[in-house]
Amino acid sequence: MGEGDFGIDPAMIGRLAAEVAEVSRMGVQLAMVIGGGNLFRGAGLAEGGMERVTADQVGMLATVMNALAMQDAIERQGAYCRVMSALKINQICEDYILRRAIRHLEKGRLVVFAAGTGNPYFTTDTAASLRASEIKADLMLKGTKVDGVYDSDPMRNPKANRYERLSYDQALSEKLGVMDATALVMCRDNDIPLRVFNIYQPGHLKRIILGEPIGTLVER
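Predicted model, so just to flag it, every value in this text is computed and none were measured.

Chemist: Which residues make up the pattern of salt bridges, and what values do they have?
Modeler: Under the criterion given, the structure shown has 15 salt bridges. The partner of Lys88 in a salt bridge is Asp95, with the nearest N and O atoms 3.5 Å apart. The class for Asp95 is buried, based on a relative accessible area of 17%. Asp191 is the salt-bridge partner of Arg220, the closest N and O atoms lying 2.3 Å from each other. In this pair, Arg220 is assigned in the segment after strand S10 (216–219) and Asp191 in the loop between helix H7 (181–189) and strand S9 (194–198), connecting sequence segments 29 residues apart. According to the relative accessible area criterion, Arg220 is exposed, its value standing at 61%. Using a relative accessible area of 52% as the deciding quantity, one classes Asp191 as exposed. Three or more residues are tied together by salt bridges with common partners; here these are Asp169, Arg188 and Asp189.

Chemist: Requested: an account of the packing of helix H1 (residues 10–25) against helix H3 (residues 52–75), with residues and values cited.
Modeler: The contact between H1 and H3 brings their axes to 8 Å, and the two run at 60 degrees. By the angle between their directions, the pair H1 and H3 is classed as oblique. Read as a crossing pair, H1 and H3 show a hand that is right-handed. Contact residues: Ile13, Leu16, Ala17 and Val20 in H1; Ala69, Met70, Ala73 and Ile74 in H3. For the contact of H1 with H3, the per-class residue count stands at 8 nonpolar, no polar and no charged.

Chemist: I'd like a rundown of the pairing of S10, residues and numbers included.
Modeler: Taken together, the 3 bridges between strand S8 (residues 165–167) and S10 define a ladder with parallel strand orientation. Note on S10: the bridge partner recorded for Leu166 is Val218. Where S9 meets S10, 3 bridges bridge the pair, whose relative direction is antiparallel. The residue bridging Arg195 from the neighbouring strand is Leu217, located in S10.

Chemist: Describe the sheet that holds strand S5 (residues 140–144), with residues and values.
Modeler: Strand order in the open sheet made by the 4 strands is S5-S9-S10-S8, with mixed pairing throughout. Whereas interior strands pair on both sides, the edge strands pair on one side only; in this sheet they are S5 and S8. Each strand axis lies, on average, 20 degrees off the axis of its neighbour in the sheet, ignoring direction. Bridge count between S5 and S9: 5 bridges; the pairing is parallel. Bridging across to S9, Leu141 finds its partner in Arg195.

Chemist: Tell me what's going on with the packing of aromatic side chains, and back it up with residues and numbers.
Modeler: Applying the stated rule across the entire model yields 1 aromatic pair. Between Tyr96 and Phe113, the aromatic rings sit 5.5 Å apart at their centres with planes inclined by 85 degrees, giving edge-to-face as the arrangement. Here the residue Tyr96 occupies a position in the loop between strand S3 (94–95) and helix H4 (98–106), and Phe113 occupies one in strand S4 (residues 110–114), the gap between them amounting to 17 residues. Take Tyr96: its relative accessible area is 16%, and that puts it in the buried class. What makes Phe113 buried here is its relative accessible area of 3%. We note Arg131 situated over the ring of Phe113; from NZ or CZ to the ring centre the distance is 5.9 Å.

Chemist: I'd like a description of the packing of helix H5 (residues 124–134) against H7, backed by residues and values.
Modeler: At a minimum axis separation of 8 Å, H5 and H7 run at an interaxial angle of 15 degrees. Taken together, the axis directions place H5 and H7 in an arrangement best described as roughly parallel. The crossing of H5 and H7 is left-handed. Across the interface between the two elements, Asp125, Thr126, Ser129, Leu130 and Ser133 of H5 pack against Thr182, Ala183, Met186 and Cys187 of H7. Of the residues in the contact of H5 with H7, the class split is 4 nonpolar, 4 polar and 1 charged.

Chemist: I'd love a proper account of unusual backbone geometry, names of residues and values included.
Modeler: Of note in the backbone geometry, Ala115 takes a positive phi value of approximately 70 degrees without being a glycine. As for its position among the elements, Ala115 is in the loop between S4 and H5. Phi is positive for Lys136, which is not a glycine, with a value near 55 degrees. Mapped onto the elements, Lys136 comes out in the loop between H5 and S5.

Cut-offs applied
Residues numbered from 1 in each chain as written. Predicted model: local features only at pLDDT ≥ 70, side-chain atom pairs only at ≥ 80, totals over all residues. Heavy atoms only, no water. Salt bridge = Lys/Arg side-chain N within 4 Å of Asp/Glu carboxyl O. Buried < 20%, exposed > 50% of the residue type's maximum accessible area, 1.4 Å probe, protein only. Helix = DSSP H or I, 4+ residues; strand = E, 2+ residues; numbered from the N terminus. Axes fitted to C-alpha atoms, helices over the stretch in contact; angles between N-to-C directions. Parallel < 35°, antiparallel > 145°, perpendicular 65-115°, else oblique. Left-handed = near helix turned anticlockwise from the far one by under 90°. Contact = heavy atoms within 4.5 Å. Nonpolar A, V, L, I, M, F, W, Y, C, P; charged D, E, K, R; others polar. Pairing = 2+ DSSP bridges. Phe/Tyr/Trp six-rings, centres within 6.5 Å; stacked < 30°, edge-to-face > 60°. Lys NZ or Arg CZ within 6 Å of the ring centre and 35° of its normal.

Here it is as structure tokens:
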């Protein structure tokens, strides 16, 4: 969505594609989970009266549209990319199969996981935690609008303090809003560290890969 209010911002998706392609060329095995809130927010429409399962299913389809757009942008950067969907839409992308996903990564391809977990009532964060656990990721990254985790909303409180590091248990007990509880517990139980960073800052992804302490690190 970039700086817009709806849809896909060509400048934003182009920059992100360039950054992930550069990291991939460094030899890093990189997989992405993309949400669909720029096109459709299932939870929001469920609150407005739509049946929750239907709303979530439409939301999952929105993530597939975003994933296909990202695949196109990445391939225009000269990198190889595969979209794998938790819903069966194999005329336009691959079905998600764990062993095939790992093989794509081993061959140096970028992988975009679409359609969440394939089930209603689960967030994009939970889908990301699940996929990270399945592929045994060394690190999970959450790109967001702020530069880490704060003790209160930095958009509303200019005196909010940013954490450089915190534990999963602390994030859960203090309800810091890093991710939903299911996603946090999954990362904690599978010993996957999480780094939260501002995705709107160009170059941050590469700097994190190179070991710079960007944003907030959440770990055991």
